[in-house]
Amino acid sequence: MGVAETTVTPTFDVDRVRADFPILRQQVHGHPLVYLDNANTTQKPQAVIDALSEYYLSSNANIHRATHLLSERATRAYERSRVLLQRFINAADSHEVILTRGCTDGINLVAQAWGRTFLKPGDEVLISWMEHHSNIVPWQIVCEQTGATLRAVPINERGELRIEEFDRLLTDRTRLVAMIHVSNALGTIAPIAEIVRKAHAAGALALIDGAQAAAHVPVDVQAIDADFYAFSGHKMFGPTGTGVLYGKAALLDRMPPYQGGGDMIASVTFEKTTYNTLPYKFEAGTPNIAGVVGFGAAVEYLNGIDREAARVHEDALLAHATELVAAVPGVRIIGQARQKTSVLSFVMDGIHPHDVGTVLDNEGVAIRTGQHCAQPVMDRYGIVSTARASFAFYNTTADVQAFVRALHKVKELLG
Ligand SMILES: Cc1ncc(COP(=O)(O)O)c(C=O)c1O
């Protein structure tokens, strides 16, 4: 313990960014809040909170429909966020950015609009053992609907994808590879550029689940060459109920709509309905307009900080926490990939993770416990759940130390 903040992150002013997150100033059970549940959802900077309230104070109206000034303002703000998000992931065109309710919504969109249309018996969808349920169940549903088969690439003991198994399971029957970018249960960063390249060489498409990546690692969808890339606003300092599905325009154009309703049509008659152009074809009904405006504010906030320095800071926190937690007697760290970010999952001998979480909460330390919507990962390690600390750039070395002190208290009380 005891690495000074300045030693860990010479170029990242964590106190300055913390000041932007008012929620972090509170006490929990008589202790300063130590928020280490960022993989679950991140906290929101004042700029996002202000954007939401400013939207409702001055611009609230429905979008794309009315001719009045408020509707124009709301439409402009909503579409501005789309462009900010396009630039954030370096998409070639803003109409390749579908605004969704979140990562889960985006993956289901592809499963139903693309998968249900194009998959047939004999086809295969290839995922991995470290997927979140959001990137498993939509494929199970569509495989059941179409007669296609779902296959999963195993992971090794460190929690890394077994590339030789990926190579073996990727065949001329594979139509889609759907793979996690960063594992929420293990922190593993998957080699997605290599995965996409190999998928394409085998004639398959590639979808990447970027829910845990967008807040931590740079995402350039053109460099990755992903066909689809899905992520959530709330895991990158934006509001809940927002997300992006990026898709290559040529593919999105060939896919039928996912849901029918207002805004997604060009013309409706009882004889024949024609659909709107991209991206509106996939945005039926009134969306989470305020949320999308807030999502844009979150991207602007991220654009305003030194993200490379933030990443160095987060990596240093993870390394520091890993070292200290590994030294607690009876602790087993789950997930020790060589390429890792922001997630520290662990179990403690003879102590249920839920009890770990409860004692930590009493000390003001918020972590997540459970299977993390990744039951196959738990099965892989022969456990039912883990305790998980997950970091964001606003966490400090003092947070790590408070967390480890609380773990020692768990040992004292329950060990
Ligand atoms: C890797 C991963 N994929 C998908 C999701 C689903 O995201 P959401 O619940 O925001 O749709 C999560 C959420 O934890 C996740 O960690």
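**Q** Can you walk me through the pattern of salt bridges in this structure?
**A** Once the charged atoms of two side chains with opposite charge are near each other, the side chains can pair. Applying the stated criterion across every chain yields a total of 22 salt bridges. The residue Arg168 makes a salt bridge to Glu165 at a minimum N-O spacing of 2.9 Å. In this pair, Arg168 and Glu165 are both assigned in helix 7 (residues 163–169), three residues apart and thus about one turn of the helix distant. The salt bridge partner of Glu363 is Lys409, with a shortest N-O separation of 3.3 Å. Here Lys409 lies in helix 15 (residues 397–414) and Glu363 lies in the loop between helix 13 (353–362) and strand 15 (365–366), a separation of 46 residues in the sequence. Residue Glu363 is classed as partly exposed on the basis of its relative accessible area of 23%. One continuous salt-bridge network, built from bridges that share partners, spans Glu79, Arg82 and Glu283.

**Q** Could you clarify how one ought to interpret the domain arrangement of the protein chain in this entry?
**A** As a measure of interface size, the accessible area lost when the parts come together is often cited. What the domain assignment reports for the protein chain is domain 1 (14–32 + 306–414) and domain 2 (49–303). Each of domain 1 and domain 2 has a C-alpha centre, and the two are 28 Å apart. Every contact between the two is made by 34 residues of domain 1 and, on the other side, 30 residues of domain 2. With both sides pooled, the region where domain 1 packs onto domain 2 buries about 2800 Å², and carbon together with sulfur makes up 55% of that total. Among the residues of domain 1 in contact with domain 2, Arg307, Cys373 and Arg380 are the three that bury the most area, contributing 23% of the side total. Here domain 1 and domain 2 share three salt bridges between them. Between Arg338 and Glu160 there is a salt bridge, with its nearest N and O atoms 2.8 Å apart.

**Q** Looking at this structure, how should I read the site of the ligand?
**A** The immediate surroundings of the ligand are formed by Cys103, Thr104, His132, Ser134, Ile180, Asn184, Asp209, Ala211, Gln212, Ser232, His234 and Lys235. Contacts to the ligand include Cys103, whose backbone N or O atom sits 3.4 Å from an oxygen atom. At a separation of 2.5 Å, an oxygen atom of the ligand approaches a polar side-chain atom of Thr104. When the free accessible area of the ligand is taken as 390 Å², the share hidden by the protein chains comes to 86%. Class assignment for the residues of the shell around the ligand results in three nonpolar, seven polar and two charged.

**Q** Looking at this structure, I do not really get the sheet that holds strand 8 (residues 205–209). What am I missing?
**A** The strands that make up a sheet are held in pairs by hydrogen bonds between backbone atoms, and each pair lies either parallel or antiparallel. With mixed pairing, the seven strands of this open sheet are ordered in space as 4-10-9-8-7-5-6. The strands lining the two open edges of the sheet, one partner per strand, are strand 4 (97–100) and strand 6 (149–153). The mean angle between the axes of side-by-side strands here comes to 20°, regardless of whether they run parallel or antiparallel. As judged from the three bridges shared by strand 8 and strand 9 (residues 228–232), these two strands associate in the parallel manner. In the strand pairing of strand 9, Ile208 is matched with Tyr229. Here helix 8 (residues 192–201) sits on the sheet in contact with strand 7 (174–180) and strand 8, set at roughly 155° to strand 8.

**Q** When you look at the pairing of strand 8 in this model, what are you seeing that I'm missing?
**A** Along any regular strand, the residues point their side chains to alternate faces of the sheet. For strand 8, the buried fraction is high: five of the five residues fall into the buried class. Burial along strand 8 is two-sided: Leu205, Leu207 and Asp209 and Ala206 and Ile208, pointing in opposite directions, are all buried. As paired elements, strand 7 and strand 8 share five bridges and run parallel to each other. Note on strand 8: the bridge partner recorded for Met179 is Ile208. In this region the chain leaves strand 7, passes through helix 8 and returns to the parallel neighbour strand 8; the handedness of that crossover is right-handed.

**Q** Even after reading the chapter, I still don't get the environment of Arg65, so can you show me in this structure?
**A** Positionally, Arg65 belongs in the loop between helix 3 (46–58) and helix 4 (69–89). For Arg65, a relative accessible area of 45% puts it in the partly exposed group. Along the chain, Arg65 and Thr75 lie 10 residues apart, while their C-alpha atoms are 8.8 Å from each other. The contacts of Arg65, once residues within four sequence positions are left out, are Ser71, Gly262, Asp263, Gly285 and Thr286.

**Q** Explanation requested: helix 4 in the structure shown.
**A** Along an α-helix, a turn takes 3.6 residues, which lines up residues three or four apart on a common side. The end-to-end C-alpha separation of helix 4 is 31 Å, in line with the 30 Å expected for 21 residues at 1.5 Å each. Burial in helix 4 covers these residues: Ser71, Ala74, Thr75, Tyr78, Glu79, Ser81, Arg82, Leu84, Leu85, Gln86, Phe88 and Ile89. Positive backbone phi, at 55°, marks Asn90, one or two positions downstream of helix 4.

Conventions used here
- Residues numbered from 1 in each chain as written.
- Predicted model: local features only at pLDDT ≥ 70, side-chain atom pairs only at ≥ 80, totals over all residues.
- Heavy atoms only, no water.
- Salt bridge = Lys/Arg side-chain N within 4 Å of Asp/Glu carboxyl O.
- Helix = DSSP H or I, 4+ residues; strand = E, 2+ residues; numbered from the N terminus.
- Buried < 20%, exposed > 50% of the residue type's maximum accessible area, 1.4 Å probe, protein only.
- Domains from an automatic or database assignment.
- Contact = heavy atoms within 4.5 Å.
- Buried area = accessible area lost by both parts, 1.4 Å probe.
- Near = heavy atom within 4 Å.
- Polar contact = N/O pair within 3.5 Å; in protein donor to acceptor, adjacent residues only side chain to side chain.
- Areas by Shrake-Rupley, 256 points an atom, 1.4 Å probe, with all protein chains shown as cover.
- Nonpolar A, V, L, I, M, F, W, Y, C, P; charged D, E, K, R; others polar.
- Pairing = 2+ DSSP bridges.
- Axes fitted to C-alpha atoms, helices over the stretch in contact; angles between N-to-C directions.
- Right-handed = clockwise from strand over helix to strand, strands pointing away.
- Expected span 1.5 Å × (residues − 1).

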